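Single-letter residue listing:
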2 protein chains.
Amino acid sequence: MNNLDKRPTILITNDDGVTAPGIRSLIEAVKDLGHILVVAPDKPQSGMGHAITIGHPLRMNQVNLFEGIESWQVSGTPVDCVKLAVDKLLHRRPDICLSGINHGANHSINVIYSGTMSAAMEASIESIPSIGFSLMDYSMEADFSAAQKVVREVVEQVLGSKPDEHFLLNVNIPSVPYELLRGIKVCRQAYAKYREEFDERRDPHGRKYYWLTGEFINMDSGEDTDVWALQNNYVSVVPVSIDFTDYKTKNRLEGWWKKELTA
Amino acid sequence: MNNLDKRPTILITNDDGVTAPGIRSLIEAVKDLGHILVVAPDKPQSGMGHAITIGHPLRMNQVNLFEGIESWQVSGTPVDCVKLAVDKLLHRRPDICLSGINHGANHSINVIYSGTMSAAMEASIESIPSIGFSLMDYSMEADFSAAQKVVREVVEQVLGSKPDEHFLLNVNIPSVPYELLRGIKVCRQAYAKYREEFDERRDPHGRKYYWLTGEFINMDSGEDTDVWALQNNYVSVVPVSIDFTDYKTKNRLEGWWKKELTA
């Protein structure tokens, strides 16, 4: 790579795997904005959260999936992909990391389960500005054309703003034609959770096993939330922090352990 | 379980697996404080972050490891354990969830990689007050005797305070004799990261593979951080939020996309 070239280096990853249509849509949307390096999992990694692979080694193989773009598949998690890209391929930090476009929403509490967002969070931890993109359509046949325009608009805005090193956005895009999108809305993470309903079955030997299923429960009607924005056909943009400290509670607990420990 | 009994129901899990000495130490430290239910992974799950198992089914089997205490092992992640315990064993929320005692520290940014803390975070998401405990000693032969006293003191304080439903603490304990602990300090998460250094090797067929290793880098000298507290032989207690919104950045971005989307 030519150091005299001033175009930004853009690392692209995802959690649906390097062959998913969503990552191809993301690459196409931004490929002329900089030098692109693709490093993505070799198989779907949805729900992997911020998992890293420490119990066994990783494989990384170059693939030829995207014309003119250096691309690799990794046997590990989305977080592993970011780590390997920085340490073994780039040997330095890229200017920005883009993750997605995920097949399915990652609003509200999904930020914590999402491999898409975990890759972006890992980049942010490593002082790389980062954005995770998700389309609200789980189908592998989803139409990414509107999402591609949104991606382009968001990435150009962020690159032009000289983002600080921990800049991190969670962007969710309604699955509607571009003309029906009402705009891009900066939001907070809605307070929501899943009500688990494991599907209990018996195998041919009579032993029980369980499939995780669950119902999404939004407990937050705030019009400043990502869930509200998406329900109203806005693109939601939630800035995400990698400092998880609950400062309000911290203040409340300050007096709890003033005394010395008792034996 | 007798509904007339007013003792709290305490769900215990970990990420080192149900056979790890750390979870036994945790159980022993609190077993007379309430009804204990143990649901833990059947094998080590360190570094699993907030992973959930969606691509294959889960197994859950009762084990007889702790005298007089109902205990189960699960084939999935720490987060899966919490979900299964609530949905399939308790059929309601326990009064508190305790995770650990982890073999190894989970201070600063480790909160995001840690299976121990992810189990506690999952409980918090599900409106269960929760605490993750970690001892700063990775050894399976670690001495948990001081940690057990700390656990007891923290759990009694929290249970007595009627914690709200999202109450969540990340507690790290220096690996020193109890007499050398200087107290319990409420802290914020230190700003730290890992510098990755993948160990590149070749298999007998000449193909490369990579082991994840890395050096911990603390970039935060604040005396209000968990890293400072631990370096100074304090137990660190960081209250953790499940709202990841970066509100400062949110305010700054409010003007970015005032206009409508451009086609």
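In the block above lies the structure referred to throughout.
Nothing here was measured: the structure is a model prediction, and the numbers come from that model.

Asks: Teacher, can you tell me more about the environment of Ile69 of chain A here?
Replies: Here Ile69 of chain A shows up in the loop between β3 (60–63) and β4 (70–74). With 41 residues separating them along the chain, Ile69 of chain A and Asn110 of chain A place their C-alpha atoms 30 Å apart.

Asks: When you look at the interface of chain B and chain A in this model, what are you seeing that I'm missing?
Replies: In many reports, interface size means the accessible area that the parts give up when they come together. Listed per partner, the contact involves 64 residues of chain B and 63 residues of chain A. Broken down by element, the residue count for the side of chain B that touches chain A peaks at six residues, all from helix α2 (residues 78–90) of chain B. The residue inventory of the side of chain B that touches chain A, partitioned by class, reads 35 nonpolar, 13 polar and 16 charged.

Asks: I keep staring at the pairing of strand β11 (residues 208–211) of chain B and nothing clicks. Help me out?
Replies: On a regular strand, one side chain projects to one face of the sheet and the next to the other, so that they alternate. Residue and element names in this part refer to chain B. Across four bridges, the pairing between strand β10 (residues 199–202) and β11 is antiparallel. If you follow Asp199 over to β11, its bridge partner there is Trp211. Between the end of β10 and the start of β11, which pair antiparallel, lie five residues, with Gly206 showing a positive phi angle near 85°.

Asks: Mind showing me how you'd approach α2 of chain B here?
Replies: For an α-helix, the turn length of 3.6 residues means that residues three or four places apart are oriented alike. Residue and element names in this part refer to chain B. The sharpest bend along α2 measures roughly 35° and falls at Leu84. When you tally the buried positions in α2, you get 10 out of 13 residues, the bulk of the element. Along α2, the positions that sit buried rather than exposed are Pro78, Val79, Asp80, Cys81, Val82, Lys83, Leu84, Ala85, Val86 and Asp87. Trailing α2 by a residue or two, His91 shows a phi angle of about 60°, which is positive.

Asks: Explain the sheet that holds strand β7 (residues 168–173) of chain A to me, please; I cannot follow it from the model alone.
Replies: Pairing between sheet strands relies on hydrogen bonds along the backbone, with the strands arranged either parallel or antiparallel. Residues and elements named next belong to chain A. Pairing in this open sheet of nine strands is mixed, and the strands run β3-β4-β2-β1-β5-β6-β7-β13-β8 from one edge to the other. In this open sheet, the two strands that pair with only one neighbour each are β3 and β8 (183–186). Averaged over all pairs of adjacent strands, the angle between strand axes in this sheet comes to 20°, irrespective of strand direction. Two elements, strand β5 (residues 96–103) and strand β6 (residues 130–135), share five bridges in a ladder whose sense is parallel. Note that in β6 the partner of Asn102 across the bridge is Ser134. Across the sheet, helix α1 (residues 21–30) touches β1 (9–13), β2 (35–41), β5 and β6, and the angle it forms with β5 is around 135°. Packed onto the sheet, helix α5 (residues 145–160) meets β5, β6, β7 and β13 (234–239) and runs at close to 165° relative to β6.

Rules used in this analysis
Residues numbered from 1 in each chain as written. Chains lettered and ligands numbered in written order. Predicted model: local features only at pLDDT ≥ 70, side-chain atom pairs only at ≥ 80, totals over all residues. Helix = DSSP H or I, 4+ residues; strand = E, 2+ residues; numbered from the N terminus. Contact = placed C-beta atoms within 7 Å. Nonpolar A, V, L, I, M, F, W, Y, C, P; charged D, E, K, R; others polar. Pairing = 2+ DSSP bridges. Bend = angle between axes of the 7 residues up to and from the residue. Buried ≥ 20, exposed ≤ 12 C-beta atoms within 10 Å, placed from the backbone. Axes fitted to C-alpha atoms, helices over the stretch in contact; angles between N-to-C directions.

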